[in-house]
Amino acid sequence: MINVQKIREDFPILKRMVNGKPLVYFDNAATSQTPQIVIDAIVDYYSNYNANIHRGVHALSQEATDAYEQARKKIQKHFNAKHPYEIIFTSGTTHSINIVATGFTNLLQKDDEIIVSALEHHSNIVPWQMLCERTGAVLKVIPMTEEGELVMDVYDQLLSSKTKLVFVNHISNALGTINPIEEMIKKAHTVGAAVLIDAAQSGPHIKPDVQALDVDFYVASAHKLCGPTGVGMLYGKEEWLNKLPPYQGGGEMIEEVTFEKTTYAGLPHKFEAGTPNICGGIAFGVAIDYMNSIGFDDIAVYENELLEYGTKRLLEIEGLRIYGTSKHKTSVISFNLEGVHPYDVGTIVDKLGIAVRTGHHCAQPIMDFYQIPGTIRASFSFYNTKEEIDALVEAVKKAKMMLS
Ligand SMILES: *Cc1c(COP(=O)(O)O)cnc(C)c1O
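Rules and cut-offs
Residues numbered from 1 in each chain as written. Predicted model: local features only at pLDDT ≥ 70, side-chain atom pairs only at ≥ 80, totals over all residues. Heavy atoms only, no water. UniProt positions renumbered as here; feature names shortened; annotations may be inferred. Near = heavy atom within 4 Å. Polar contact = N/O pair within 3.5 Å; in protein donor to acceptor, adjacent residues only side chain to side chain. Areas by Shrake-Rupley, 256 points an atom, 1.4 Å probe, with all protein chains shown as cover. Nonpolar A, V, L, I, M, F, W, Y, C, P; charged D, E, K, R; others polar. Helix = DSSP H or I, 4+ residues; strand = E, 2+ residues; numbered from the N terminus. Salt bridge = Lys/Arg side-chain N within 4 Å of Asp/Glu carboxyl O. Buried < 20%, exposed > 50% of the residue type's maximum accessible area, 1.4 Å probe, protein only. Axes fitted to C-alpha atoms, helices over the stretch in contact; angles between N-to-C directions. Parallel < 35°, antiparallel > 145°, perpendicular 65-115°, else oblique. Left-handed = near helix turned anticlockwise from the far one by under 90°. Contact = heavy atoms within 4.5 Å. Expected span 1.5 Å × (residues − 1). Pairing = 2+ DSSP bridges. Phe/Tyr/Trp six-rings, centres within 6.5 Å; stacked < 30°, edge-to-face > 60°. Lys NZ or Arg CZ within 6 Å of the ring centre and 35° of its normal.

Looking up the chain in an unreviewed UniProt entry gives the name Cysteine desulfurase, with the organism given as Aquimarina algicola. The Sequence similarities (unreviewed entry) field of the UniProt record for the chain holds the comment "Belongs to the class-V pyridoxal-phosphate-dependent aminotransferase family. Csd subfamily." The annotation that UniProt attaches to the chain under Cofactor (unreviewed entry) is "pyridoxal 5'-phosphate".

**Student:** An account of the site of the ligand is needed here, citing residue identities and associated values.
**Tutor:** Inspection of the region around the ligand gives T93, T94, H121, S123, N173, D198, A200, Q201, S221, H223 and K224 as its neighbouring residues. Within the side chain of Q201, a nitrogen or oxygen atom sits 2.6 Å from an oxygen atom of the ligand. The side chain of S221 places a nitrogen or oxygen atom 2.6 Å from an oxygen atom of the ligand. Protein coverage of the free-state accessible area of the ligand, which is 380 Å², stands at 86%. Considering only residue class, the shell around the ligand consists of one nonpolar, eight polar and two charged.

**Student:** Please give an account of the UniProt feature "domain: Aminotransferase class V" (unreviewed entry) in the chain that cites residues and values.
**Tutor:** In this numbering, the UniProt entry assigns the feature "domain: Aminotransferase class V" (unreviewed entry) to residues 24-392. In the segment residues 24-392, helix accounts for 39% and strand for 18%; the C-alpha atoms at its two ends are 8 Å apart.

**Student:** So what's going on with the pattern of salt bridges? Residues and values would help.
**Tutor:** Under the counting rule described, the total for this entry stands at 17 salt bridges. Its salt-bridge partner being E272, residue R72 comes within 2.9 Å of it at the nearest N-O pair. Linking R72 in helix 3 (residues 59-79) with E272 in the loop between strand 12 (262-264) and helix 10 (278-294), this pair joins segments that are 200 residues apart in sequence. You'll find R72 and E272 in the same group, each marked buried. Linking E316 and R313 is a salt bridge whose minimum nitrogen-to-oxygen distance equals 3.2 Å. Sharing partners across several salt bridges, the network here consists of D27, R357 and R377.

**Student:** An account of the packing of helix 2 (residues 36-48) against helix 10 is requested, with residue identities and associated values reported.
**Tutor:** The N-to-C vectors of helix 2 and helix 10 enclose an angle of 150 degrees; their axes lie 9 Å apart at closest approach. The angle between helix 2 and helix 10 falls in the class roughly antiparallel. Taken as a pair, helix 2 and helix 10 cross one another with a handedness that is right-handed. Across the interface between the two elements, I37, V38, A41, I42, Y45 and Y46 of helix 2 pack against I278, C279, I282, A283, V286, A287 and Y290 of helix 10.

**Student:** Tell me about helix 3, and name the residues and values.
**Tutor:** With 21 residues, helix 3 extends 30 Å from end C-alpha to end C-alpha; this agrees with the ideal 30 Å at 1.5 Å per step. Turning to helix 3, its buried residues are S61, A64, T65, A67, Y68, A71, R72, I75, Q76, H78 and F79. In the segment just after helix 3, N80 is the residue with positive phi, at about 55 degrees.

**Student:** Outline the packing of helix 4 (residues 93-103) against helix 5 (residues 126-135), listing residues and values.
**Tutor:** Axis separation between helix 4 and helix 5 bottoms out at 9 Å; the angle between their running directions is 15 degrees. As the angle between them shows, helix 4 and helix 5 are arranged roughly parallel. Remark: the crossing between helix 4 and helix 5 carries right-handed chirality. Residue-level contacts link I97, N98, V100, A101 and T102 of helix 4 to P127, W128, L131 and R134 of helix 5.

**Student:** Got a sec to walk through the sheet that holds strand 14 (residues 332-337)? Specific residues and values, please.
**Tutor:** Strands sit in the order 13-14-17-16 across an open sheet of four strands; the sheet is antiparallel. Two strands in the sheet have a free side with no partner beyond their single neighbour: strand 13 (320-323) and strand 16 (357-359). When strand polarity is set aside, the average angle formed by the axes of neighbouring strands in this sheet is 30 degrees. As defined by bridge partners, strand 13 adjoins strand 14 across four bridges and the pair is classed as antiparallel. Each bridged residue has a counterpart across the sheet, and for R321 the counterpart in strand 14 is N336. Packing against the sheet, helix 11 (residues 296-315) makes contact with strand 13 and strand 14, and its axis sits at approximately 5 degrees to strand 14.

**Student:** Could you give an account of the packing of aromatic side chains, naming the residues involved and the relevant values?
**Tutor:** For any pair of aromatic rings, the description rests on two quantities: the centre-to-centre distance and the angle between the ring planes. The full count for this structure, using the stated rule, is 15 aromatic pairs. One aromatic cluster in this structure is built from F11, Y290, F382 and Y383. The cationic tip of K243 hangs over the ring face of W240; the distance from NZ or CZ to the ring centre is 4.1 Å. Here the guanidinium or amino end of K386 rests over the ring plane of Y309, the centre of that ring lying 5.6 Å away.

**Student:** Give me the side chain of K237: which residues, what numbers.
**Tutor:** Positionally, K237 belongs in the loop between strand 10 (232-236) and helix 9 (238-243). When its relative accessible area of 15% is taken as the criterion, K237 is described as buried. For K237, the side chain forms a polar contact with the side chain of D214, separated by 2.9 Å. Setting aside chain neighbours within four positions, we find K237 in contact with E86, H189, D214, V215 and D216.

**Student:** I'd love a proper account of the sheet that holds strand 8 (residues 194-198), names of residues and values included.
**Tutor:** Spatial strand order, 4-10-9-8-7-5-6: seven strands in an open sheet with mixed pairing. At either end of the open sheet lies a strand with only one pairing partner, and these are strand 4 (87-90) and strand 6 (138-142). Between one strand axis and the next, the sheet turns through 20 degrees on average, direction left out of account. Sheet topology places strand 5 (residues 113-117) next to strand 6; five bridges connect them, and they run parallel. Within strand 6, the residue paired with E113 across the bridge is V138. Against the sheet, helix 4 contacts strand 4, strand 8, strand 9 (217-221) and strand 10, and its axis sits at roughly 155 degrees relative to strand 9.

The structure is reproduced here in structure tokens:
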């Protein structure tokens, strides 16, 4: 069971006032808040053992290297990867996707096909379009339904011996839909395609098992998982990571350099050129520990309660429409008030101390599907409360009165 009042004590920012009101933070799908234990880890790093890693023999460098590699192991364990070197530290989901998309440039041929879903974040669309431009491969899109679910029959039809890659997010950031990735991965493998799952949104809600999923690539950002910004991970099966070329050249990713020829370092260093976000990686590991200490099963139960409560309360407002009504969804509610621009609602709600996201949520194709400019998105985390949802409902009612 989640003890939300106790958990809230872990997050100093939740004591803040905004515009004279207590902060209600409902923009968790954009970035999560940071518990004190993660903030302490960052301060501890810079106060006590800030040094470059993998290079020095001196004590600080060894301590920093140990902590960084320890964090890699924590992440490996959390995602249940087979080997620590299958976890590549990156700057985040976007960077991770680009490593894979760039890496496939020489592995694709003209008329090969790449399948993405209609529910993708721009960061899981644009790199594949660029890959298609480089290679002459063709992008195919799994369409969505009014409820915000993927049309699986069409997915079946799109799969063929031409399919080389399938990319889908585990959970849609704009609507909260949980996609049936187990089934999608299995089907993709029957035609020999590799699968990349964008777990940026599922990371904070679901504890995954990349080996059980048999997924080829799995990517996430620390900052949506109670960690800092500027760090994330790419999981890849060893055989795939060996097949892909390095993404960037530089220090740390080499074995031997002469002007005639350079040989690359093994995994994971081949993909980690330059000085990484050392402190961020260490803090990522602490954030994973923190989330596990709360417990992902309890988090899921509690967030589902918030989702049901928030859905019911918001629907009490006449003229309010929720986008994304799949039975399989996480604690994201995307909505609009009839005849009112989402931006105007967001502005009034912010004046009352409530942080929601308004706009297209980096998922313009979804907005085009519904023929709307954007939505207001409230996304709940395990440190949110029903009282905060009540405050949101009152604020939206007020906005409605002022705007219509
Ligand atoms: C946030 C998000 C991304 C991008 O993550 P960054 O940390 O900005 O790189 C990609 N996909 C989904 C589904 C997201 O929610």
